Every structure is written in C-alpha cells, then in structure tokens.
Amino acid sequence: MVRYKDISTAKTSKLTFSQIQRLVCAYYKCRMRWCPSSTVHLLRCVRLRSCTRRGRNTLPLWIRAVWAYMRLLVQSLYFNSLTDSDVVFDSVFEPVFWTVDYVTRWFGTVFVCLVVILTSSILAIAYLILLPMIFRTYSLPWITWHVCYGHWNLVNIVFHYYKATNTLPGYPPTEKNDSPFVSVCKKCILPKPARTHHCGICNRCILKMDHHCPWLNNCVGHLNHRYFFSFCFFLAIGCVYCSISGRNLFIDAYNAIETNYQTPAPPYTFKDKMIHKSIIYMWVLTSTVAVALGSLTMWHAVLISRGETSIERHINSRETKRMAKRGRVYKNPFNYGRLNNWKVFFGVEKTSHWVTRVFLPSGHTPPGDGLKWDVFPVKKDLIPV
C-alpha cells in the first residue's frame, strides 16, 4: 500500500528510477483489489464461450474463399497511387474474364471438331455429287481445270490448318538471359520482349501475339501467324470458288424443291431430293463462310500491310490519339513499308519464294526469333526481291 509519507516525499524530493517503479507497482496493486480474481475468471469464460459460438457458425470454405476473393478485388481498386482506369476495369471484370477464358478453353476442341466436320461434309458432297456431274457436263479442259484447282486449294487448306493448330505460337524464355525486354508481365512475373502479350486462355505470354483463335484452339503468334492467315485465305477463296461454280446447280436444286401449290410436285425419288438438298446446303454454307471469312481475311491483310497485329492495332490507335493531343504524329516502329511487311511476314528471301513459300505449302519458320525486332522504319527494301 502506498503510504502518505512516500507520496509527500515524492513531492518534496527527487525520486530515483527504482523508487518510481515501486510507486507504479503499488498503484496498480491497489487498482487490482477492486477487480478480484473471480471477476477476471468470469470475463475470461464469457470471452471463451463467445469464441466457441463463433466457431460453430463458421461459413463453408468455398463461401469464405469467394468472400476473400471479392475483398481482394475491392482492395485492389485503391491499392496504391498507380491505380488507373485500366486496373479498375480489370479488377471489376476479372470474374467475367475468367469465365470467358475458361469457356473458350473448354470449347476449343468443340470448334476444331466443328471445322473438320463441316469441311468434310463439303468434300463428301463435292466428290460424291458434283464431281460426277462435272465429268458428264464439262469438256476435258474444264474438267482438268476444276480438278487441278480444287485439289491445289484443298491441299493448302488442310496443310495450313494442321500447321496452325499444331504449331506453338512461340513463348519468351523463362530462364535468365540477355534478351532485351520492354516490360514485365504482371501475371507471369517474367520479362516481356517487344510485341509480346499475355494470353489469359493459354495462361502464358505469346511472342508477337495477334489473338487467341477458338477455331484453332491455339494462339496466333510469331511462329504460326503465317499458317493462320494462309488457311483463312485459301479457305475463303475455296468457298468463293464453290459458291460461284455451284450457283447454277443451286438454282436448279432450289427450283426443283420449291413447287407451286397449284401444280403437283414432280415425281422425284428420295435420292434426287437428297442430292438437291445437299447442293443447297453446300451453296448456303460456302457462301456464308465466303462472306464472313473473306471479310476477316481482308482485315488481317490490311493489318499485315501496316506491320501490326490485332492487339497492336488497338495500342497504335490509342497512341495516335494521345500523340495527336500533343500536336505530334505517332509512327508504328514495326512498319517497314507495305511490300517489306509482306516479305517479312511470308519469309520471302528471293523471287522464287513467292511461289514455293506463298502459293505452295511450306513449313519454313518466319525470319527472326520473335525476341528482337528492328524498331526503326527503313526506306530501302529489307529483302531486295
């Protein structure tokens, strides 16, 4: 107990450090007398019981995981001063992006099977129905032309589709090296060379990424971009060829099926009806694909002429607007001129390569390794062809 004498002494004289400690301990001992040990024990029991009740009402693990994920998304919106609109957009729509990527990855195999089935159905109609008609209708020169052109087109379609689906698009190295890079991928946490972008469906960075094609179930990048474009080009002109050459057959088949109510239907057999419906199916499918795929092919041809990919098109458009506000002109550093862009894209190194590497199936690799690029536009031809 603190005595009055000690307190008076503390007021009139200087206290040592040990005396101050004794006074403080004595003060807290007096305070504890008003709170006996039974009260402290009661408070501890109440707290322990509340913790036990809280443990019984614990939510399932998957709900807690979802809740923690949503809290993380909200916290990422105000993580630091570098947060911008792109970060907020990615954080808010991250569940949507994940769902789309998962569905696209799962449906990739379905899309590939659909391409094979539709192409095989057109080939079956061409060989079983159209080819016998050609032999009975056209002259020998026209038969030779149709057979040669059709099989040349078919070989190019099959070859380039197989190569586009089975060729890896190209990945940046994961080991430490001396290759130059422009940034670090925030998802892979690895250096990103120029023209490299991260694919959420493949879940890794792709060299010179153009886009992820569900019809190929593969990314379109540095090593298979030429196969993808060649497949689109040959399939588009093949559909145009089938649509134009089968136009008269389609009209005859449509008129044979479409009858007037005032006149009885012609006495066609089941085989004749199936032939007519097959011709109509082939013409409608090839015409539709010719329009859709032809538009896509022309769009990619424009991009190749400009020396940019689909992703770089959006980036360059944004940079052009940003530089225009400053009164400056933005120039694509990977644009070497229209002719040079096509030469680099197809790997044309001499005149004969326009035939052997462009119009005939060729498995040559593109020039460069996809890690280093010439970033200054040149006026002279890169490849004097």
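This one's a predicted model, so the numbers in the text were calculated from it and none came from an experiment. (Residues numbered from 1 in each chain as written. Predicted model: local features only at pLDDT ≥ 70, side-chain atom pairs only at ≥ 80, totals over all residues. Heavy atoms only, no water.)

**Q** Help me understand the overall build of the protein, please; the structure alone is not making it clear to me.
**A** Helix and strand content of the protein: 13 helices and 6 strands. Taken across its 385 residues, the protein has 29% of its residues classed as buried. Taking the contacts inside the protein whose residues are at least 6 apart along the sequence as the reference set, 65% of them involve residues at least 24 apart. Counting only carbon and sulfur atoms, one obtains 66% of the accessible surface of the protein, whose full area is about 26,500 Å². (Helix = DSSP H or I, 4+ residues; strand = E, 2+ residues; numbered from the N terminus. Buried < 20%, exposed > 50% of the residue type's maximum accessible area, 1.4 Å probe, protein only. Contact = heavy atoms within 4.5 Å. Areas by Shrake-Rupley, 256 points an atom, 1.4 Å probe, with all protein chains shown as cover.)

**Q** Where do I start with the environment of Gly-347 in this structure?
**A** Tracing the chain through its elements places Gly-347 in the loop between α12 (338-346) and α13 (353-359). Taking the C-alpha atoms as reference points, Gly-347 and Gly-368, 21 residues apart in sequence, are found 9.7 Å from one another. Beyond its immediate sequence surroundings of up to four residues, Gly-347 is in contact with His-353, Arg-357, His-364 and Pro-367.

**Q** Where do I start with the nonpolar core in this structure?
**A** Proteins that are soluble and globular tend to have nonpolar side chains buried together. Counting 17 residues, the largest nonpolar core has Leu-216, Phe-228, Phe-231 and Leu-235 as the members making the most contacts within it. Among the secondary structure elements, those contributing two or more residues to this core are α7 (140-166), α8 (225-245) and α10 (270-306). Ranked by size, the runner-up nonpolar core spans 10 residues in total, among them Ile-122, Ile-125, Leu-130 and Ile-279. (Core = buried A, V, L, I, M, F, W, Y, C linked by side-chain atoms within 4.5 Å.)

**Q** What is the right way to read the side chain of Arg-357 from this model?
**A** Tracing the chain through its elements places Arg-357 in helix α13. Although Arg-357 is buried, it forms no salt bridge, and the closest oppositely charged side chain is Glu-349 at an N-O distance of 4.2 Å. Here Gly-347 takes part through its backbone oxygen, which lies 2.6 Å from a polar atom of the side chain of Arg-357. (Lys, Arg positive; Asp, Glu negative; His and termini not counted. Salt bridge = Lys/Arg side-chain N within 4 Å of Asp/Glu carboxyl O. Polar contact = N/O pair within 3.5 Å; in protein donor to acceptor, adjacent residues only side chain to side chain.)

**Q** Even after reading the chapter, I still don't get α7, so can you show me in this structure?
**A** Since the α-helix advances by 3.6 residues per turn, residues separated by three or four positions end up pointing in the same direction. The terminal C-alpha atoms of α7, which comprises 27 residues, lie 39 Å apart, in line with the 39 Å expected from a rise of 1.5 Å per residue. Buried within α7 are the following residues: Ile-143, His-146, Tyr-149, Asn-153, Leu-154, Asn-156, Ile-157, His-160, Tyr-161 and Ala-164. (Expected span 1.5 Å × (residues − 1).)

**Q** In this structure, what is going on with the pattern of salt bridges? I would like to understand it.
**A** Pairing of side chains with opposite charge becomes possible as their charged atoms draw close. Throughout the structure, instances matching the rule amount to 5 salt bridges. The residue Lys-372 makes a salt bridge to Asp-369 at a minimum N-O spacing of 3.1 Å.

**Q** Honestly, the packing of aromatic side chains in this entry has me stumped. Any pointers?
**A** Remark: the centre distance and the inter-plane angle together describe each pair of aromatic rings, the angle taken between the planes. Tallied over the full model, the rule gives 18 aromatic pairs. The interplanar angle of 80° and the centroid separation of 6.4 Å between the aromatic rings of Phe-159 and Tyr-227 together place this pair among those described as edge-to-face. Taken as a pair, Phe-159 in helix α7 and Tyr-227 in helix α8 lie far apart in primary sequence, 68 residues in all. Judged by relative accessible area, Phe-159 falls into the partly exposed class, the value being 23%. Judged by relative accessible area, which is 4%, Tyr-227 ranks as buried. Put simply, the rings of Trp-145, Tyr-149, Trp-152, Phe-233, Phe-234 and Tyr-241 pair up and form one aromatic cluster. For Arg-195, the ring lying beneath its charged end belongs to Trp-373, and the centroid distance is 4.7 Å. (Phe/Tyr/Trp six-rings, centres within 6.5 Å; stacked < 30°, edge-to-face > 60°. Lys NZ or Arg CZ within 6 Å of the ring centre and 35° of its normal.)

**Q** What is the right way to read unusual backbone geometry from this model?
**A** Residues other than glycine predominantly adopt negative phi, and peptide bonds predominantly adopt the trans conformation. If you check the backbone angles, Arg-195 has positive phi at about 70° while not being a glycine. Mapped onto the elements, Arg-195 comes out in the loop between β2 (191-192) and β3 (197-199). A relative accessible area of 9% places Arg-195 in the buried class. Positive phi outside glycine occurs at Asn-203, with the angle close to 60°. Position of Asn-203 among the secondary structure elements: in the loop between β3 and β4 (204-206). Residue classification places Asn-203 among the exposed residues on the basis of a relative accessible area of 57%.

**Q** Any chance you could explain the confidence of the model for the protein here in plain terms?
**A** Caution applies to low-pLDDT parts of the model: their predicted coordinates are not meant to be read in detail. Across the protein, the average pLDDT comes to 81, with 76% of residues at 70 or higher. Considering each helix and strand of the protein separately, the mean pLDDT is smallest for helix α1 (residues 4-12), with a value of 44, and largest for α8, with 95. (pLDDT = per-residue confidence, 0-100.)

**Q** Explain the packing of α10 against α12 to me, please; I cannot follow it from the model alone.
**A** If you want to describe how two helices pack, look at the angle between their axes and the distance between the axes. Following both chains from N to C, one finds α10 and α12 inclined at 105°, their axes separated by 7 Å at the closest point. If you check the angle between α10 and α12, you find them roughly perpendicular. Residues Ala-301, Ile-304, Ser-305 and Arg-306 of α10 lie in contact with α12, whose contacting residues are Arg-338, Asn-341, Trp-342 and Phe-345. Considered class by class, the residues forming the contact of α10 with α12 number 4 nonpolar, 2 polar and 2 charged. (Axes fitted to C-alpha atoms, helices over the stretch in contact; angles between N-to-C directions. Parallel < 35°, antiparallel > 145°, perpendicular 65-115°, else oblique. Nonpolar A, V, L, I, M, F, W, Y, C, P; charged D, E, K, R; others polar.)

**Q** What is the right way to read the state of the cysteines from this model?
**A** The bond known as a disulfide is covalent and runs between the sulfur atoms of two cysteines. A complete count under the given rule lists 0 disulfides for this structure. Here Cys-205 stays unpaired: no disulfide links it, and the sulfur of Cys-185, its closest cysteine neighbor, is 3.5 Å away. This cysteine, Cys-242, is not joined by any disulfide, and Cys-239 carries the nearest cysteine sulfur, 6.5 Å off. (Disulfide = S-S within 2.5 Å.)

**Q** Teacher, can you tell me more about the environment of His-300 here?
**A** Note that His-300 resides in helix α10. Counting along the chain gives 71 residues from His-300 to Phe-229, while the straight-line C-alpha distance between them is 7.4 Å. Not counting chain neighbours up to four residues away, the residues in contact with His-300 comprise Asp-210, His-211, His-225, Phe-228, Phe-229 and Ser-310.

**Q** Help me out: how do you make sense of a nonpolar patch on the surface in this one?
**A** On the surface, Trp-98, Tyr-102, Val-103, Trp-106, Phe-107 and Val-110 cluster together into a nonpolar patch covering about 640 Å² of accessible area. Relative to the helices and strands, Phe-107 resides in helix α6 (residues 94-137). (Patch = residues over 30% accessible without salt bridge, like charges linked within 9 Å, V, L, I, M, F, W, Y side chains within 5 Å.)

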